[in-house]
Amino acid sequence: MCDLWKNTLTHTVPIGAIPQQINHALSQLGGRPGQIKLYNSGSFFDAAAIPPADYPAIAQTVAVVDRVVVESHPRLVGEKALRLRDLLPGTLEVAMGLETVHPQVLPRLNKKFTLEHFSQAADFLQRNKIAVRAFVLVKPPFMDEEEGLEWAVKSAAFAFSWGAAVVSLIPTRPGNGAMERLMETGEFSPPRLATLEKALELSLNLRGGGRVFADTWDLEQFSRCPACFEPRRQRIHAVNLSQQVLPTIDCPACG
Ligand SMILES: [Zn+2]
């Protein structure tokens with residue numbers, strides 16, 4: 001249900017290639033970042049994606065960073081996470097796709113995990129002093145606009161109940177083929193910008209919750225009104241940064 005496979009290799013990269021790539025990226029930055037995300041369009045703890053023999057060299061490249069975030073499928077969270085944690089001077093955070101807690105929709109996304117896998121992985125990370133971040137889909141397939149909002153907030157609440165420090169709300173995008181087929185059959189349509197905005201606000205207002213971010217990558221496709229898109233994008237960005245619900249944008253063009 002995502003388009004990350006487009007950037008995925010079918011073979012394992014040679015030892016040393018990934019640390020070299022990270023070093024290259026850091027050298028382009030000029031300055032020391034406080035946090036770094038090592039997202040690999042897959043699972044960091046998948047040995048076929050990131051050779052475990054590279055962990056020490058990877059850890060060395062990011063040793064000056066306070067917080068390192070990697071992504072993983074919930075079922076691949078285990079001993080390798082502890083190994084990476086022990087190599088890092090700073091904090092390790094593991095981001096996992098929770099997608100949705102909707103009992104009928106989650107199995108239909110073919111992500112090959114259950115809520116129990118997710119909660120067990122989150123619990124394991126927490127007990128081992130590793131921070132948890134959850135990716136939540138806003139309006140995955142098989143939901144209308146209203147359900148998309150309701151289940152995004154329920155999914156954020158579930159992630160927080162299992163100790164997630166961050167929930168990242170991802171508006172479900174077409175672009176992987178499967179989504180296009182579901183659009184043709186009427187089983188999927190992308191969320192409206194207003195649904196993402198509301199999901200962000202309601203998730204921020206969850207009691208006992210952590211930080212919430214709405215993903216703004218390629219956001220324009222969710223807008224139906226050119227007049228208010230830019231101010232609304234800026235507002236979402238400002239909410240992400242401030243973690244405060246800010247006044248909504250009134251648009252005379254779309255009401
Ligand atoms: Zn408008």
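As the structure is a prediction and not an experimental result, all values here were calculated from the model.

### Let's talk about the pattern of salt bridges
In the structure shown here, the tally under the stated rule is 15 salt bridges. As a salt-bridge pair, Arg-133 and Glu-93 come within 2.5 Å of each other at their nearest N and O atoms. Of this pair, Arg-133 sits in strand 4 (residues 131-138) while Glu-93 sits in strand 3 (residues 91-99), and the two are 40 residues apart along the sequence. When the shortest N-O distance is used, the salt bridge between Glu-197 and Arg-232 registers 2.8 Å. Residue Glu-197 is located in helix 8 (residues 193-204), and its partner Arg-232 is located in helix 9 (residues 226-242); the two are separated by 35 residues in the primary sequence. Note on Glu-197: relative accessible area 10%, which makes it buried. Shared partners join several salt bridges into a network, and the residues in it are Arg-67, Glu-93 and Arg-133.

### Details of the pairing of strand 5 (residues 166-171)
Strand 5 sits mainly inside the fold: six of its six residues count as buried. Of the two faces of strand 5, the one holding Val-166, Ser-168 and Ile-170 and the one holding Val-167, Leu-169 and Pro-171 are both buried throughout. After leaving strand 4, the chain enters helix 6 (residues 145-161) and then returns to the sheet as strand 5, a path that is right-handed. Relative to strand 6 (residues 211-214), strand 5 runs parallel, the two sharing four bridges. Residue pairing in the sheet places Leu-169 in a bridge with Ala-214 of strand 6.

### Section: the coordination of the zinc ion
Taken together, Cys-225 (SG), Cys-228 (SG), Cys-251 (SG) and Cys-254 (SG) make up the full set of protein donors to the zinc ion, lying 2.3 Å away. Because the angles between the four donor atoms bound to the zinc ion fall within 103 to 115°, the donor set is best described as tetrahedral. The sequence pattern formed by the donor residues of the zinc ion is C-x2-C-x22-C-x2-C. A residue pair is termed long-range when its members are at least 10 positions apart, and Cys-228 in helix 9 and Cys-254 in the segment after helix 9 qualify at 26 residues. Overall, the relative accessible area of 2% leaves Cys-228 in the buried class.

### So, unusual backbone geometry
Positive phi, normally seen in glycine, also occurs at Ser-41, with a value near 55°. Within the secondary structure layout, Ser-41 lies in the loop between strand 1 (35-38) and helix 2 (55-61). Non-glycine residue Lys-129 carries a positive phi angle of around 60°. In this structure, Lys-129 sits in the loop between helix 5 (115-127) and strand 4.

### Considerations on the packing of aromatic side chains
Counted by the stated rule, this structure contains four aromatic pairs. Between Tyr-39 and Phe-135, the aromatic rings sit 6.0 Å apart at their centres with planes inclined by 85°, giving edge-to-face as the arrangement. Of the two residues, Tyr-39 is situated in the loop between strand 1 and helix 2 and Phe-135 in strand 4; the sequence distance between them amounts to 96 residues. Of the residues examined, Tyr-39 reaches a relative accessible area of 33% and is grouped as partly exposed. Of the residues examined, Phe-135 reaches a relative accessible area of 15% and is grouped as buried. With 6.2 Å between their ring centres and 45° between their planes, Phe-118 and Phe-158 make a pair best called tilted. On the criterion of sequence distance, the pair formed by Phe-118 in helix 5 and Phe-158 in helix 6 is long-range, its members being 40 residues apart. Grouping aromatic residues by their ring pairs yields a cluster made of Phe-44, Phe-45 and Tyr-55. Stacked on the ring of Phe-142, the Lys or Arg Arg-108 has its end atom at 3.7 Å from the ring centre. Sitting over the face of the ring of Trp-151, Lys-154 holds its NZ or CZ atom 4.2 Å from the ring centroid.

Criteria and cut-off values
- Residues numbered from 1 in each chain as written.
- Predicted model: local features only at pLDDT ≥ 70, side-chain atom pairs only at ≥ 80, totals over all residues.
- Heavy atoms only, no water.
- Salt bridge = Lys/Arg side-chain N within 4 Å of Asp/Glu carboxyl O.
- Helix = DSSP H or I, 4+ residues; strand = E, 2+ residues; numbered from the N terminus.
- Buried < 20%, exposed > 50% of the residue type's maximum accessible area, 1.4 Å probe, protein only.
- Right-handed = clockwise from strand over helix to strand, strands pointing away.
- Pairing = 2+ DSSP bridges.
- Donors = N, O, S within 2.8 Å, 3.2 Å for Na, K, Ca; no water.
- Tetrahedral: all angles 85-135°; square planar, octahedral: opposite > 155°, others 65-115°.
- Phe/Tyr/Trp six-rings, centres within 6.5 Å; stacked < 30°, edge-to-face > 60°.
- Lys NZ or Arg CZ within 6 Å of the ring centre and 35° of its normal.

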